[in-house]
Amino acid sequence: MSGSAAVTAAAPLRRLAGAAVLLCALVLSGCQDDLYTNLAEREANSMVATLQRNGIPASRVLQEDGRMKVVVDSDRFAEAVGILDDAGLPKQTFASMGEVFQQEGFVASPTQERAKMLYALSEELSRTVSEIDGVLSARIHIVLPGNDPLRRETSPSSASVFIRHEAGLKIDPLIPQIKTLVANGIAGLSYDKVSVVSVAAPAAQSASAIQPMASFLGLWMLESSVSRAMWMFGGLAILAIALGALLVALIWRQRGQRTYQLETLR
C-alpha cells in the first residue's frame, strides 16, 4: 500500500477520533454551570474549599479579564448556592470613605454631606465587625440626630448592630467588644446606646449525607449522578465500537490491496 493511500485510508479514523474527543469535551463542559463570576482569587479559593468540604465538586476557572469564576455541576447548583449562603460567601462588599465622598456634579449641601458621613461610618464599621472570626455578615445602622442649639435637651446618638454568625460561635463574649468598637468609632456615641442583635446561621450539613450513594461499574457516586455516568459510558462505548469497526475495515482493505498487488506482479 502506498504512503498516500495509507494517509487517505487513515483520515476517516483520525476524524472519528477527533469527533470522539470533541464529544467528550462538550459533554463534560455542558454538565457545569457558572456559580459566581468576577471573583478575586482568594474568595474563589474559599468558595471552592467550602463546597468541596460539603461534598460538592467545584472548581475555579480563570476569566479573560484575570478574575476568577467558580463552576459546579448543573444538578448540584441549588445545593451549592445554599451552602455558600449559609457560609456567608461571597463576602459582603463595603464602600470605602473615598468611594462615598467622590465628588460628582455640584457642591453637596450640608444635608447630603451628613448623609454621606453616616453611610461611610456605617460601611467602615460594618466591614470591621465582619472581619471577626465566625461572623458571616454584619450591618450597622447609625442615628445621629440633628440637635437644635436653641433647645436645652439634646437627643443622644444611637447605633444598631445586626450580626449573622456561624452556628458554633459563642457570640455572647464578643458582644461587649463589638459595642465598645462601635461606640469608640462614632463621636458622641455612648456604650449603652449601642444595641446588638445576633442570629446564628443554620449548621451546614454535608450534601453527601443528604443524598444516597449508588454503585455504577464498581464506582460509588451520588445517586443523582448515576444517570449522567450511564450516558457518558454508553456514548464512549459506542464510539469505541465504531473506532474498532473502522480500524478492522481499514486493515482488511489494506490486506486486500496487498493481495491484489502480489497477484498483479505474478
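Structure: above.
Reading guide: rules and limits
Residues numbered from 1 in each chain as written. Predicted model: local features only at pLDDT ≥ 70, side-chain atom pairs only at ≥ 80, totals over all residues. Heavy atoms only, no water. Pairing = 2+ DSSP bridges. Helix = DSSP H or I, 4+ residues; strand = E, 2+ residues; numbered from the N terminus. Axes fitted to C-alpha atoms, helices over the stretch in contact; angles between N-to-C directions. Contact = heavy atoms within 4.5 Å. Polar contact = N/O pair within 3.5 Å; in protein donor to acceptor, adjacent residues only side chain to side chain. 1 Å grid on protein atoms, 1.4 Å probe; cavity = no way out; pocket = protein on both sides within 12 Å on 5 of 7 lines; lining within 4 Å. Points joined across faces, edges and corners; volume = space filled by probe spheres on them. Nonpolar A, V, L, I, M, F, W, Y, C, P; charged D, E, K, R; others polar. Domains from an automatic or database assignment. Buried < 20%, exposed > 50% of the residue type's maximum accessible area, 1.4 Å probe, protein only. Salt bridge = Lys/Arg side-chain N within 4 Å of Asp/Glu carboxyl O. Parallel < 35°, antiparallel > 145°, perpendicular 65-115°, else oblique. Left-handed = near helix turned anticlockwise from the far one by under 90°. Core = buried A, V, L, I, M, F, W, Y, C linked by side-chain atoms within 4.5 Å.

### A short note on the sheet that holds strand β5 (residues 158-165)
In space, the 3 strands of this open sheet follow the order β4-β5-β6, with mixed pairing throughout. The strands lining the two open edges of the sheet, one partner per strand, are β4 (135-143) and β6 (194-200). With direction set aside, neighbouring strand axes in the sheet form an average angle of 15°. Sheet strands touched by helix α6 (residues 175-185): β4, β5 and β6. Its angle to β6, the strand with the most contacts, is close to 135°.

### Comments concerning the side chain of Ser-122
Looking at the secondary structure, you find Ser-122 in helix α5 (residues 110-130). Only 2.3 Å separates the side chain of Ser-122 from the backbone oxygen of Ile-140, close enough to count as a polar contact.

### Details of the layout of surface pockets
Of the voids in this model, the largest pocket is the one considered here, and its volume is about 550 Å³. What lines the largest pocket is a set of 15 residues, among which Arg-42, Glu-43, Lys-91, Gln-92 and Glu-131 lie closest to the centre. Of all the secondary-structure elements, those providing two or more residues to the lining of the largest pocket are α2 (41-53) and α5. Within the lining of the largest pocket, the residues separate by chemical class into 5 nonpolar, 4 polar and 6 charged. Counting contributing residues per domain, the lining of the largest pocket is built from domain 1 (32-87) and domain 2 (97-147 + 154-200), each supplying no fewer than three. Roughly 380 Å³ of internal volume is contained in the second largest pocket.

### Overview of the environment of Glu-123
The residue Glu-123 is located in helix α5 in this model. Classification of Glu-123 by relative accessible area gives buried; the value is 2%.

### A look at the pattern of salt bridges
On inspection of all chains with the given rule, the structure shows 5 salt bridges. Across the salt bridge formed by Asp-34 and Lys-69, the nearest N and O atoms sit 3.5 Å from each other. Taken together, the positions of Asp-34 in strand β1 (residues 32-39) and Lys-69 in strand β3 (residues 68-73) put the pair 35 residues apart, joining distant regions of the chain. By relative accessible area, Asp-34 is classed as partly exposed at 41%.

### Considerations on the packing of α2 against helix α3 (residues 77-86)
A pair of packed helices is captured by two measures, namely the crossing angle of their axes and the spacing between those axes. α3 packs onto α2 with a crossing angle of 115° between their chain directions and a minimal axis gap of 10 Å. As far as their axial angle goes, α3 and α2 are roughly perpendicular. Crossing handedness for the pair α2 and α3: right-handed. From α2, Met-47, Thr-50 and Leu-51 reach across to α3, where they touch Ala-80, Ile-83 and Leu-84.

### A few points about the sheet that holds β3
Taken together, the 3 strands give an open sheet; going across it, the order is β1-β3-β2, and neighbouring strands pair in antiparallel fashion. Looking at which strands have only one partner, the edges of the open sheet turn out to be β1 and β2 (58-62). For this sheet, the mean inter-axis angle between neighbouring strands, taken without regard to orientation, is 25°. Sheet analysis places β2 next to β3, joined by 5 bridges and oriented antiparallel. Across the sheet, residue Ser-59 finds its bridge partner in β3, namely Val-71. Sitting on the sheet, α2 touches β1, β2 and β3, and the angle it makes with β2 is about 160°. Along the sheet face, α3 touches β1 and β3 and points at about 35° away from the line of β1.

### Observations regarding the nonpolar core
Residues Ile-140, Val-161, Ile-163, Ile-178, Val-182 and Val-194 are the most contacted members of the largest nonpolar core, which totals 20 residues. Counting residues per element, the ones that place at least two in this core are α5, β4, β5, α6 and β6. Beyond its immediate stretch of four places on either side in the chain, Val-182 contacts Leu-125, Ile-140, Ala-159, Val-161, Leu-189 and Val-194. Formed by 15 residues, the second largest nonpolar core is a distinct cluster that contains Met-47, Leu-51, Ile-56 and Leu-84.

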